[in-house]
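Chain by chain, the residues:
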Protein chains: 2
Amino acid sequence: MHKKPRLGLIGYGAFGKLTAQHLSPHFDVRAYDPAMDADDAHAAKVDLAEAAGCPVVILAVPVGILEQTLTEIAPKLSAGALVIDVGSVKVKPAEAMLRLLPDHVRIVGTHPLFGPQSAKDGLAGLRIAVCEVRGAKDARRTAAWCRKMLALKVFNVTPEDHDREAATVQGLTHLIARVLLKMEPLPTRMTTASFERLMQGVDMVRHDSPAVYQAIERDNPFAAGVRERFFSLFDKARGELDS
Amino acid sequence: MHKKPRLGLIGYGAFGKLTAQHLSPHFDVRAYDPAMDADDAHAAKVDLAEAAGCPVVILAVPVGILEQTLTEIAPKLSAGALVIDVGSVKVKPAEAMLRLLPDHVRIVGTHPLFGPQSAKDGLAGLRIAVCEVRGAKDARRTAAWCRKMLALKVFNVTPEDHDREAATVQGLTHLIARVLLKMEPLPTRMTTASFERLMQGVDMVRHDSPAVYQAIERDNPFAAGVRERFFSLFDKARGELDS
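Just so it is clear, the structure is predicted and the values come from calculations on it, not from any experiment.

Student: Mind laying out the domain arrangement of chain A, listing which residues take part and the relevant values?
Tutor: All names here are of chain A. According to the domain assignment, chain A consists of domain 1 (6–158) and domain 2 (161–242). The C-alpha-based centres of domain 1 and domain 2 are spaced at 27 Å. Of the residues lining the interface, 14 residues belong to domain 1; the matching set on domain 2 comes to 15 residues. Between domain 1 and domain 2 the total buried area reaches about 1100 Å² when both faces are included, carbon and sulfur atoms providing 63% of it. Summed over the three residues of domain 1 that lose the most area to domain 2, namely Ser 88, Val 89 and Gln 117, the buried surface amounts to 36% of that side. At the junction of domain 1 with domain 2, the criterion picks out 1 salt bridge. Between Lys 92 and Asp 219 there is a salt bridge; the shortest N-O distance is 3.5 Å. For the pair domain 1 and domain 2, the number of links is 5 residue pairs in polar contact (both at pLDDT 80 or more).

If you want it as structure tokens, here you go:
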């Protein structure tokens, strides 16, 4: 029987688990997370050195602790390993990976534009952004693999282009969701179709961790600008209605 | 052949047309609107006196010109006629109808919680609020008719309860939509499922007239309060992110 290649997964939170679930048919997944209890159906619990020593290493840690994680794994990576991050922002992580990881590893940035909620009926047709960081061929191969093996819709973009678009897509969605969730309980009886769509969108990010919100709003260099524009349009609408 | 009862429709804009389309199988619809060109498949174009003289009269005019319309039709209404409004708010129109219409007519307030966009695949399962204004039996019969003949989901509520809930459902939806539409062009490639739901909600109200926005935001006595709470939560989120 053909032996599956080893894949080290650093971080086994909600997204790490989703990753293991979809990659375990193709890889022998070795996960490292201090909060992980024991082996499960999709991943074997291992120590940091073993996870970081795999030929493919996926970083599924919050963006806020990425630099610290990179420093810890840097000396443990195998020569020629492929390191892939999955963070919601791409400019800062790409820069940090280039700066902190040894020259002998290849690096690809990805942002799967989905989470456990939107992926509950499978990955086919969902979207992922793939960014070249170190190695053009590696980015192309990662993109092709995601398209072929996971049936994802792949966008090959620069970290800058990604963050510019995500500042609007995620920055506004999470901001609006945050405010609407604070207004709960919200009406559920006399609702309109448009309000229900809005609330379905809110529900999809309801259980996202505070770290995700922080990364999206604070670690994306374009988020503050988008937010300012959004707030100033709100202020204008408010002024028009109060007058 | 059984002759269909006459129904006078005052106002033949987007919602008036939708009304005629769904009521013409049951009624001989006579529509009055200065902007109406000629008879169409669902309604005959008539003058104000003829429309107002029908045994059932539906007012599908913007809330902003309702009082003026009531004053004009008051002397033309038939004894015992049933007058129904379809505005997005209910407290002010109910009060105006009671004040301006003759004692001999029966009055029911309704708010169909849908529009041409959300009704494009039919009415079944869509929602309508029905408010007693003058005549408890008439409100009950109108509700039962909507349920049985149009398969609508009916909510029997007071005008106050309606407006309190609509201040959130419609007030927030239209406010958020207004701001997001001003930010166009918005990303369409690297989108998340939650952002797409949000934008589907926005798209459903994209073509609503400015009069609808004004009615929802200004003519609902609870809208300003909901908005203030929403804005202050936004200011708080903004402050947290800027700090």
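After that view of the structure, there is still more to cover.
Student: Before we move on, can you summarise the UniProt feature "domain: Prephenate/arogenate dehydrogenase" (unreviewed entry) in chain A with the specific residues and values?
Tutor: Under the present numbering, the feature "domain: Prephenate/arogenate dehydrogenase" (unreviewed entry) in UniProt falls on residues 5–243 of chain A. Overall, residues 5–243 of chain A shows 48% helix and 16% strand. The separation of its end C-alpha atoms is 66 Å.

Student: Which residues make up the pattern of salt bridges, and what values do they have?
Tutor: Overall, the coordinates contain 36 salt bridges over all chains when judged by the stated rule. Put simply, A:Arg238 and B:Asp235 hold a salt bridge, and the shortest N to O gap is 3.4 Å. One end of the pair, A:Arg238, is in helix α9 (residues 223–242); the other, B:Asp235, is in helix α9 (residues 223–242), on a second chain. For B:Asp235, a relative accessible area of 34% gives the class partly exposed. As a salt-bridge pair, B:Arg164 and B:Asp161 come within 3.2 Å of each other at their nearest N and O atoms. Residue B:Arg164 and its partner B:Asp161 are located together in helix α6 (residues 159–182), separated by 3 residues, close to a single helical turn. The network of salt bridges with shared partners includes A:Asp28, A:Arg30 and A:Glu50.

Student: Could you give an account of the sheet that holds strand β3 (residues 44–45) of chain B, with specific residues and numbers?
Tutor: All names here are of chain B. Pairing is mixed across the open sheet formed by 8 strands, whose spatial order is β3-β2-β1-β4-β5-β6-β7-β8. Each edge of the sheet is formed by a strand with only one pairing partner; in this case those strands are β3 and β8 (153–156). Here strand β4 (residues 56–59) pairs with strand β5 (residues 82–85) via 4 bridges, running parallel. Residue pairing in the sheet places Val 56 in a bridge with Leu 82 of β5. Its contacts with the sheet put helix α5 (residues 136–150) on β5, β6 (106–112), β7 (127–134) and β8, and the angle it makes with β7 is roughly 165 degrees. Of the strands in this sheet, β6 and β7 are in contact with α6, which crosses β7 at around 150 degrees.

Student: Please set out the sheet that holds strand β6 (residues 106–112) of chain A residue by residue, giving values where relevant.
Tutor: All names here are of chain A. Reading across from one edge, β3-β2-β1-β4-β5-β6-β7-β8 is the order of the 8 strands in this open sheet, with mixed pairing throughout. Two strands bound the open sheet, and with one partner strand each, they are β3 (44–45) and β8 (153–156). Where β6 lies against strand β7 (residues 127–134), 6 bridges are found, and the strand directions are antiparallel. Looking across to β7, one finds that Gly 109 is bridged to Cys 131. The sheet contacts of helix α3 (residues 66–73) involve β1 (6–10) and β4 (56–59), and relative to β4 the element is tilted by about 155 degrees.

Student: Any chance you could break down the packing of α9(A) against α6(B) for me, citing the residues and the numbers?
Tutor: Axis separation between α9(A) and α6(B) bottoms out at 10 Å; the angle between their running directions is 130 degrees. Viewed along their axes, α9(A) and α6(B) adopt a mutual orientation that is oblique. Relative to α6(B), the crossing made by α9(A) is right-handed. Where α9(A) approaches α6(B), its residues A:Arg229, A:Phe230, A:Leu233, A:Phe234, A:Lys236, A:Ala237, A:Glu240 and A:Leu241 are matched on the opposing element by B:Leu175, B:Ile176, B:Arg178, B:Val179, B:Leu180 and B:Lys182. Here the residues of the contact of α9(A) with α6(B) are counted per class, giving 9 nonpolar, no polar and 5 charged.

Student: Describe the interface of chain B and chain A, and please don't skip the residues or the numbers.
Tutor: It is common to report an interface's size as the accessible area lost on association of the parts. Residue-level contacts link 57 residues of chain B with 57 residues of chain A. Contact between chain B and chain A buries roughly 5800 Å² in total, counting both sides, with carbon and sulfur atoms accounting for 67%. Counting every contact that joins chain B to chain A gives 10 salt bridges. Taken together, the links from chain B to chain A amount to 20 residue pairs in polar contact (both at pLDDT 80 or more). Put simply, the parts of the chain that give the side of chain B that touches chain A at least two residues each are β7, α6, α7 (193–205), α8 (210–218) and α9 of chain B. For the side of chain B that touches chain A, the element with the highest residue contribution is α9(B), accounting for 15 residues.

Student: Describe the side chain of A:His162, listing the residues and the values that go with them.
Tutor: Residues and elements named next belong to chain A. Following the sequence through the fold, His 162 ends up in helix α6 (residues 159–182). On the basis of relative accessibility, which here comes to 1%, the residue His 162 falls in the buried class. Within the structure, the side chain of His 162 is placed 2.7 Å from the side chain of His 111, a separation counted as a polar contact.

Student: Now, about unusual backbone geometry: what can you tell me, with residues and values included?
Tutor: Residue and element names in this part refer to chain A. For the bond running from Glu 184 to Pro 185, omega is 5 degrees, close enough to zero to count as cis. Unlike most non-glycine residues, Ala 151 shows phi in positive territory, near 60 degrees. Along the polypeptide, Ala 151 turns up in the loop between α5 (136–150) and β8.

Student: Residues and numbers for helix α4 (residues 91–100) of chain B, please.
Tutor: Spacing of three or four residues puts side chains on the same side of an α-helix, whose turn is 3.6 residues. All names here are of chain B. Those residues of α4 that fall on the buried side of the exposure criterion are Pro 93, Ala 94, Ala 96 and Met 97. Buried residues of α4, seen end-on, are gathered within an arc of 165 degrees and therefore sit on one face of the element. Considering only its buried residues, α4 is in contact with β4, α3 (66–73), β5, β6, β7 and α6.

What counts as what
- Residues numbered from 1 in each chain as written.
- Chains lettered and ligands numbered in written order.
- Predicted model: local features only at pLDDT ≥ 70, side-chain atom pairs only at ≥ 80, totals over all residues.
- Heavy atoms only, no water.
- Domains from an automatic or database assignment.
- Contact = heavy atoms within 4.5 Å.
- Buried area = accessible area lost by both parts, 1.4 Å probe.
- Salt bridge = Lys/Arg side-chain N within 4 Å of Asp/Glu carboxyl O.
- Polar contact = N/O pair within 3.5 Å; in protein donor to acceptor, adjacent residues only side chain to side chain.
- UniProt positions renumbered as here; feature names shortened; annotations may be inferred.
- Helix = DSSP H or I, 4+ residues; strand = E, 2+ residues; numbered from the N terminus.
- Buried < 20%, exposed > 50% of the residue type's maximum accessible area, 1.4 Å probe, protein only.
- Pairing = 2+ DSSP bridges.
- Axes fitted to C-alpha atoms, helices over the stretch in contact; angles between N-to-C directions.
- Parallel < 35°, antiparallel > 145°, perpendicular 65-115°, else oblique.
- Left-handed = near helix turned anticlockwise from the far one by under 90°.
- Nonpolar A, V, L, I, M, F, W, Y, C, P; charged D, E, K, R; others polar.
- Arc of directions from axis to C-beta.

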